[in-house]
Amino acid sequence: MVLMDVVMPNLNGFQATRTLSREATTKHIPVILVTTKDQDTDRMWGLRQGAKAYLTKPFSEDELAEVIERIFSTTETPPTSAA
């Protein structure tokens, strides 16, 4: 799992999420975006880039735990490589 802010230098969280969700070696890793940006358009954009969840700061530990539990209860097992 990756817990990532949207506002970062050089590569923002939307761009990083898009890259992670499209690369074959990382697309199985769930991304949760956390941010102070709480516009509906930001939320929709983050989810369209591949984020599994979008949390607006501040959020509670319980809220984060619920999101993580929901993601891992519905996420498929990542593929294993043949040895």
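You'll find the structure just up there.
Residues numbered from 1 in each chain as written. Predicted model: local features only at pLDDT ≥ 70, side-chain atom pairs only at ≥ 80, totals over all residues. Heavy atoms only, no water.

Some thoughts on the overall build of the chain
Quick reminder of the rule: The helix and strand labels rest on DSSP assignments: H or I over at least four residues marks a helix, E over at least two residues marks a strand, and numbering proceeds from the N terminus. Only protein chains enter the accessibility calculation, which uses a 1.4 Å probe; a residue is then buried when its area is under 20% of its type maximum, exposed when over 50%, and partly exposed in between. Any two residues having at least one pair of non-hydrogen atoms within 4.5 Å are treated as being in contact. All accessible areas in this document rest on Shrake-Rupley with a 1.4 Å probe, and a residue is counted as covered only by the protein chains that are shown.
Across its full length, the chain holds three helices and three strands. Sequence-ordered secondary structure for the chain, helices as α and strands as β, is β-α-β-α-β-α. Looking at the chain as a whole, 29% of its 83 residues qualify as buried. Considering only residue pairs separated by 6 or more positions, the chain has 48% of its internal contacts joining residues 24 or more positions apart. Accessible surface, the chain as shown: approximately 5,800 Å² in total, 53% of it carbon and sulfur.

Let's talk about the side chain of T17
Note the following rule: Any pair of N or O atoms that falls within 3.5 Å is considered a polar contact. Within protein, one atom must be able to donate a hydrogen and the other to accept it, and sequence-neighbouring residues count only if both atoms are side-chain atoms.
By secondary structure assignment, the location of T17 is in helix α1 (residues 13-22). Only 2.7 Å separates the side chain of T17 from the backbone oxygen of G13, close enough to count as a polar contact. Among residues more than four places away in sequence, those in contact with T17 are M4, V31, L33, G46, Q49, G50 and A51.

By themselves these figures say nothing about function.
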